[in-house]
Amino acid sequence: MRPRAGGQMARFLAASTIVARLPALILLVTAAWAAVPAAACPFCGTVGRSLAQRRDEAAAVAVGDAVGDAVGDAATDRNGTPSQRFQLDQLLRTDGRAAHAGETVTARVDGAVAGTAVLFGTLDPAAPGGDPPSLRWTATPADETLLGYVAAAPPISRPAAERLRWFAARLEHPDPVIAADAFAEFGLAPYADVRTAAAAIDPARLRSWVGEAGIDARRRGLYGLLLGVVATATRDPTESTACVAALHRAISAPADDFRAGFDGLLAGVLVAEGERGLDFLRTLGLLGRTGRPLDQRHLLAALRFAWDNLADTI
């Protein structure tokens, strides 16, 4: 909920008091960024299209086997992306004209595929209106687990919050492709839907992930935000206290200068504790001139998130 017009000036002045204390260089670096509307997940970085998006937007989806090695083919792709030949063994989706089982197609690949892949065929914009239509194919290596995931993922036409509850169980999946794709789904979703889906995630798992060294740093930012949501949503005060404590530990832990995902942890504290979260960050020196510049860069992202989403509590 956005602040009402009558309170915006007071909030602006309060925010200005904080921001004015940050190093001028940080303000210059972030001025252009701050004017851009908040992303669905402002702490997830850039995420690509999810497998469900690719599946549902494709004219044909198939399972195929690699035929030959991958080669660079600038004629097929202007960027010289490698391509590889595949024989289509099973069609998961087609209109009956775009592709046929047993057909051999050329698909773009990120790297050589040895064995089975899931292939997505999209209409070629350079050859519209053909009959049968001309398709551009991309291929992703896939075993039975990934093929089952692609087939079962809820369609993009379903409500986002409902879909995210399904993907919540696949976060940090043992298959790295599935884990990355589930994260991408959260990274693409509006915060309101992410907040609704947080209840589907075991708080103990979130607490473990925000403190685990092996977790992808970008994902830690999302998990910090989710942990803050869980802390406010649970009716168990012991659980809420444990979630906040995990956030405090993760934020206070020594880290290198880059510290990807740190902005999500800071936002998680603000979600969980409101203005008390600001007091905690102040005790760490983040709100004054003693904080490291990159940490204060992360703080600006968290404050902007709070301005957009936490007007009722901060």
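Quick caveat, the model's predicted, so the values are computed rather than measured.

(A) Structural view of the layout of surface pockets. Estimates place the volume of the second largest pocket at around 450 Å³. If you trace the second largest pocket, you find 23 residues lining it, with Arg 49, Leu 51, Arg 54, Asp 110 and Thr 140 closest to the centre. Mapped onto the lining of the second largest pocket, the elements with two or more residues apiece are α3 (51-57), β5 (135-141), α6 (176-188) and α9 (217-233). Class assignment for the residues of the lining of the second largest pocket results in nine nonpolar, six polar and eight charged.

(B) Summary view of the side chain of Arg 163. Along the chain, Arg 163 turns up in helix α5 (residues 160-168). For Arg 163, the side chain forms a polar contact with the main-chain oxygen of Pro 154, separated by 3.2 Å. Setting aside residues up to four positions removed in sequence, Arg 163 forms contacts with Ala 52, Pro 154, Pro 155, Ile 156, Arg 158 and Glu 185.

(C) Inspection of the packing of aromatic side chains at higher detail. One pass over the structure, following the stated rule, counts five aromatic pairs. Relative to Phe 167, the ring of Trp 166 has its centre 5.0 Å away and its plane inclined at 85°; by these criteria the two rings are edge-to-face. By relative accessible area, which is 22% here, Trp 166 ends up partly exposed. On the basis of relative accessible area, Phe 167 is assigned to the buried category, the value being 0%. Consider the rings of Trp 209 and Tyr 223, whose centres lie 4.6 Å apart with planes at 40°: the pair is tilted. Here the residue Trp 209 occupies a position in helix α8 (residues 203-211), and Tyr 223 occupies one in helix α9, the gap between them amounting to 14 residues. In this structure an aromatic cluster arises from ring pairing among Tyr 149, Trp 166 and Phe 167. The ring of Trp 166 carries the charged tip of Arg 170 above its face, separated from the ring centre by 3.7 Å.

(D) Main features of the nonpolar core. Judged by nonpolar contacts, the single largest core of 70 residues is most densely connected at Phe 186, Leu 222, Tyr 223 and Leu 226. Look past the residues within four positions of Leu 226 in its chain and what remains in contact with it is Phe 186, Val 194, Ala 198, Ile 201 and Leu 206.

(E) Structural context of unusual backbone geometry. The phi torsion at Glu 172 lies on the positive side, around 55°, for a residue other than glycine. Of note, Glu 172 is situated in the loop between α5 and α6.

(F) Summary view of the sheet that holds strand β4 (residues 116-123). Overall, mixed pairing links the five strands, which are arranged β1-β2-β3-β5-β4 in a closed barrel. Adjacent strand axes in the sheet meet at a mean angle of 50°, parallel and antiparallel pairs treated alike. Sheet topology places strand β2 (residues 82-93) next to strand β3 (residues 104-108); five bridges connect them, and they run antiparallel. Across the sheet, Gln 87 pairs through a bridge with Thr 104, a residue of β3. Its contacts with the sheet put helix α4 (residues 144-152) on β1 (60-72), β4 and β5, and the angle it makes with β4 is roughly 35°.

Calculation notes
Residues numbered from 1 in each chain as written. Predicted model: local features only at pLDDT ≥ 70, side-chain atom pairs only at ≥ 80, totals over all residues. Heavy atoms only, no water. 1 Å grid on protein atoms, 1.4 Å probe; cavity = no way out; pocket = protein on both sides within 12 Å on 5 of 7 lines; lining within 4 Å. Points joined across faces, edges and corners; volume = space filled by probe spheres on them. Helix = DSSP H or I, 4+ residues; strand = E, 2+ residues; numbered from the N terminus. Nonpolar A, V, L, I, M, F, W, Y, C, P; charged D, E, K, R; others polar. Polar contact = N/O pair within 3.5 Å; in protein donor to acceptor, adjacent residues only side chain to side chain. Contact = heavy atoms within 4.5 Å. Phe/Tyr/Trp six-rings, centres within 6.5 Å; stacked < 30°, edge-to-face > 60°. Buried < 20%, exposed > 50% of the residue type's maximum accessible area, 1.4 Å probe, protein only. Lys NZ or Arg CZ within 6 Å of the ring centre and 35° of its normal. Core = buried A, V, L, I, M, F, W, Y, C linked by side-chain atoms within 4.5 Å. Pairing = 2+ DSSP bridges. Axes fitted to C-alpha atoms, helices over the stretch in contact; angles between N-to-C directions.

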